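Chains, contacts and geometry: an overview
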Amino acid sequence: MANDFKRNVSITGIEEFTNIRLGEPVRDAAGMLGVKEALKHGFKEMGVLRSMGALLKMNQKDGFDCPSCAWPDPENRSLVAEYCENGAKALADEATTAKADAGLFKKWTVEELSQLSDYELNKFGRLIEPLVLRPNSVHYEPITWTEAYGLIAKHLERLEHPDEAIFYTSGRSSNEAAFLYGMFARAFGTNNMPDCSNMCHESSGVALGETLGIGKGSTVLEDLYEAEVIIIAGQNPGTNHPRMMSALEKCKNNGGKIISINPLEESGLVNFKNPQHLSGTLGGGVQMADLHLPVNINQDIPLMKLILKKLATLDSIDHKVFDHAFIEKYTAGYDAFLEGIMQYDEADLLARAGVKESDVNKAVAMLRNSERIIVCWAMGLTQHKNGVENIREFVNLLLLKGALGKPGAGTCPVRGHSNVQGDRSVGIQHFVDEAMNARIKEFMHFDPPTKKGLDVVESMEAMHDGKAKAFFCLGGNFLMAASDTNYTAEAIQNCELSVQISTKLNRTHLVTGNTALILPTLGRSEKDNMKGKQQYFTVENSMGKVSQSKGILKPVSGNVKSEPLIIAEIADSYFKGNHPVNWKAMGEDYGIIREYIDLVAKGFNDTSKRSEGHGYYLPNNVRNLDFSMLPEGRAQITVNKLPQHTLAEDEFMLMTIRSHDQFNTTIYGLNDRYRGVYNERRIVFMNQKDMDKLGLQKLDVVDITSEYDGILRKANKFLMIPYNIPKGNIASYFPETNILVPYNHFAERSQTPISKSVRVKIHKQIKKVDEVV
Ligand SMILES: Nc1nc2c(c(=O)[nH]1)N[C@H]1C(S)=C(S)[C@@H](COP(=O)(O)OP(=O)(O)OC[C@H]3O[C@@H](n4cnc5c(=O)[nH]c(N)nc54)[C@H](O)[C@@H]3O)O[C@H]1N2
Ligand SMILES: Nc1nc2c(c(=O)[nH]1)N[C@H]1C(S)=C(S)[C@@H](COP(=O)(O)OP(=O)(O)OC[C@H]3O[C@@H](n4cnc5c(=O)[nH]c(N)nc54)[C@H](O)[C@@H]3O)O[C@H]1N2
Ligand SMILES: [Mo]
């Protein structure tokens, strides 16, 4: 069926400025201002009573898991405030009383809606009834659930091969929903299960799998309290994992030291005031980072190699810097590593990293005699061509220091979405896990497909090339999250059907397949009653602990359904009762899903019971120093190449980062308070010397272009802001700059788009805007 009717939708939305105001970057993150900001957001969106009640139950044992990041909850939870400013914003955003109902879509065409910004789209509120966008129509209209399922079944039956369907997952979904979704994809016959971690921590998963035998971190929360040194590389916890700051504060109080490796001196790492303490709310605060290394973008490998070479040189004198007993007993690759590292020229490494030698020496001094070391990282390490190598180089440090499998030491990839790790653990993956397949056969009595499926990048290509025609999204905002926005738009628009199970309106609902369905779902703060019985679900946090989450708010509408029920009903309608799995029963009682998770997913056991209270940890081989699954049964010390970049004289290295007022593609507000930017997102941070060189002044209007493989990509209209960032590096916000990230450039082996190192040029426009004072 050719799609000759083309809706005239805007891919990027309006590209207008919003009255920028600049302030000083805020040095001390959180504190009373954080709490005040949080409550302000809550009250505005949800109303006073709803927000107070909900906030009191967030991250409590009898409450629900915060829908924001995946940072774990402490065992001794503060009774009133086990959340942070950004968690409260996430909750307020989900629990908003504003509704994007059928009336809205009757009034507005998708073409008109697409002209708005992502910020404005999100403000319309919650999706509250199933909607369909029929072929040749530009208006979504209501549809019954039964008719929607029928439409899906019809499209799926029409596909020539199950691999023409794609099942994307974003990391908000519960273990139960993700498990059911993954099993439905397999029962339908495909492993095409791209998920948001392909764009996120996939590089961590690959690197940790190769070196340590498990694609997850090894530390638990209490380890951070006991560490002698914590390295935080390529992560902005003050904004993206604010509750991590309390753990870092405990580490500092216990005498630990913190090293920050980041082109930017992010607030929170510089000074932090804990809103959960009186001292934090009243002033004072803690100087977090003892040492800040302002590394050039994607030059962490040279920096780490320099530190390792200096440590190796010291070790060659007294044999006391590295843990030789550990290296001997548990690792492979030491000799090759040592030989390799000694070849590098220190001056060259230093120049690439772009930091001061005296600072590198300080880091070496801090690490030299420490045994309990933790490395924390996030997107600043994963989203580069050499994302996997970045992480392997940091793992080298831990292996050489024997800093694994003991308290206060280990790997800590700080995960993004609140349940992205759990979704993977219960079977959302595009590759084939033979052991899991065998268990599916044994316990679910169907034959799962054995051909590798498509990840995010491969899914984009398949849709673009017409090889995939039905696109399902369990949450997320694929269009804005994936790289190369224009290419991705063409890909989705090539589909015959796009189906989204969503809470809120976003651009992927507007740039769609020929037929599009919106299936509205409950948020996790909402009560999930099924036949009079309240259901709960489980999630896995960043440190591998599984616990329960139970909503408390009244659902936003009587016509939204839970994710597991929607998936079960899609499956039931497709198979028409003709399948060994009783989908319906699972959708109506999540306890049954958990029984199957226990049977099929690795490490889950007696989940309904053990997830109560504090919850339980999934097994983790690194914690027991068991490397039997790796070559020679040993952890692997690796040799990694230096990153290769050839920037032309007028090119800059762009990192696409998050502001303080967004959760990924959901834009809560237009401020980036900690960086001193108010009421504007279309900005570029650049070093003043680079601005001088280009003849640019503050708030000059520029366009940004990137050129890869002869293809020019352009992002229009951004405002220049002089900022404390190393020369040659610039930063701007995602998703606005995703348009510049080429879809076919990604990390080797993990295929994570290069969102943090895009080669770009800056073009000055004649216009200039004035700041609002
Ligand atoms: N409030 C809020 N919380 C969130 C999210 C959100 O959008 N909003 N998103 C969630 C998700 S899905 C994720 S994955 C995480 C993301 O959490 P982060 O990874 O902290 O998010 P980013 O803004 O992408 O920040 C990357 C950091 O890496 C630095 N960086 C960039 N390039 C390099 C480099 O080459 N080397 C080094 N050393 N540093 C570099 C940047 O300066 C920045 O401080 O947060 C999660 N939590
Ligand atoms: N350039 C650039 N691109 C990036 C990144 C970057 O740093 N730079 N970061 C990447 C990363 S780390 C990630 S994780 C991805 C994020 O990619 P996604 O996970 O696809 O994007 P989100 O913005 O988190 O998805 C938001 C949408 O999820 C839906 N939603 C929210 N809560 C729920 C729920 O409980 N259930 C359901 N069914 N739907 C819900 C809402 O409709 C909301 O609009 O983006 C990636 N893209
Ligand atoms: Mo993420």
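Just so you know, these numbers come straight off a predicted model, no measurement behind them.

Definitions and limits used
- Residue positions within a chain follow its written sequence, with the count starting from 1.
- Think of it this way: whatever chain is written first is A, whatever ligand is written first is 1, and the rest follow in order.
- Side-chain atom pairs in this predicted model are given and counted only at pLDDT of 80 or more, local residue features only at pLDDT of at least 70, and totals for whole chains, interfaces and linings cover all residues.
- Side-chain descriptors were evaluated using all non-hydrogen atoms of the structure, hydrogens and water having been removed beforehand.
- Residues are classed as near a molecule or strand on a simple rule: at least one heavy atom within 4 Å of it.
- By the criterion applied in these results, polar contacts are pairs of N or O atoms within 3.5 Å in which, for protein atoms, one can donate a hydrogen and the other can accept it, and in which residues neighboring in sequence qualify only through two side-chain atoms.
- Calculation of accessible area relied on Shrake-Rupley with a 1.4 Å probe; when residues are assessed, cover is drawn exclusively from the protein chains displayed.
- Salt bridges, as used here, are contacts in which a Lys or Arg side-chain nitrogen is within 4 Å of a carboxyl oxygen on Asp or Glu.
- Put simply, DSSP marks the helices as runs of H or I at least four residues long and the strands as runs of E at least two long, and each gets a number from the N terminus on.
- Exposure classes here rest on a 1.4 Å probe applied to the protein chains alone. A residue is buried below 20% of its type maximum, exposed above 50%, and partly exposed in between.
- In this analysis, strands are considered paired if DSSP registers two or more bridges between them.
- Note on method: axes are straight lines fitted to C-alpha atoms, helices fitted across the in-contact stretch only, with angles between N-to-C directions ranging 0 to 180 degrees.

**Quick notes on the site of ligand 2**
- Looking at ligand 2, there are 30 residues lining it, with Tyr168, Ser170, Ala481, Glu563 and Thr665 nearest.
- Separating an oxygen atom of ligand 2 from a backbone N or O atom of Lys504 is a distance of 2.8 Å.
- Contact distances for ligand 2 include 2.9 Å between an oxygen atom and a side-chain N or O atom of Lys756.
- Notes on ligand 2: free accessible area 930 Å², of which the protein chains cover 96%.

**Quick look at the pattern of salt bridges**
- Under the definition given, this model contains 41 salt bridges.
- Note that Glu588 and Lys531 form a salt bridge whose closest N and O atoms lie 2.9 Å from each other. Highlighted residues: Glu588 in helix α27 (residues 583-588) and Lys531 in the loop between β19 (529-530) and β20 (533-534), separated in sequence by 57 residues.
- On the basis of relative accessible area, Glu588 is assigned to the partly exposed category, the value being 23%.
- The class of Lys531 is exposed, set by a relative accessible area of 71%.
- The residue Lys561 makes a salt bridge to Glu569 at a minimum N-O spacing of 2.9 Å. As far as the burial class goes, Lys561 and Glu569 line up, both buried.
- A network of salt bridges, in which partner residues are shared, links Glu210, Glu389, Arg392 and Arg749.

**Comments concerning the sheet that holds strand β32 (residues 729-733)**
- Spatially, β25-β32-β29-β31-β30-β33 is the arrangement adopted by the six strands of the closed barrel, whose pairing is mixed. Ignoring strand direction, the axes of neighbouring strands in this sheet form an average angle of 45°.
- Bridge count for strand β29 (residues 683-686) against strand β31 (residues 711-722) is four bridges, and the pairing is parallel. Counterpart to Met686 in the pairing with β31 is Pro722.

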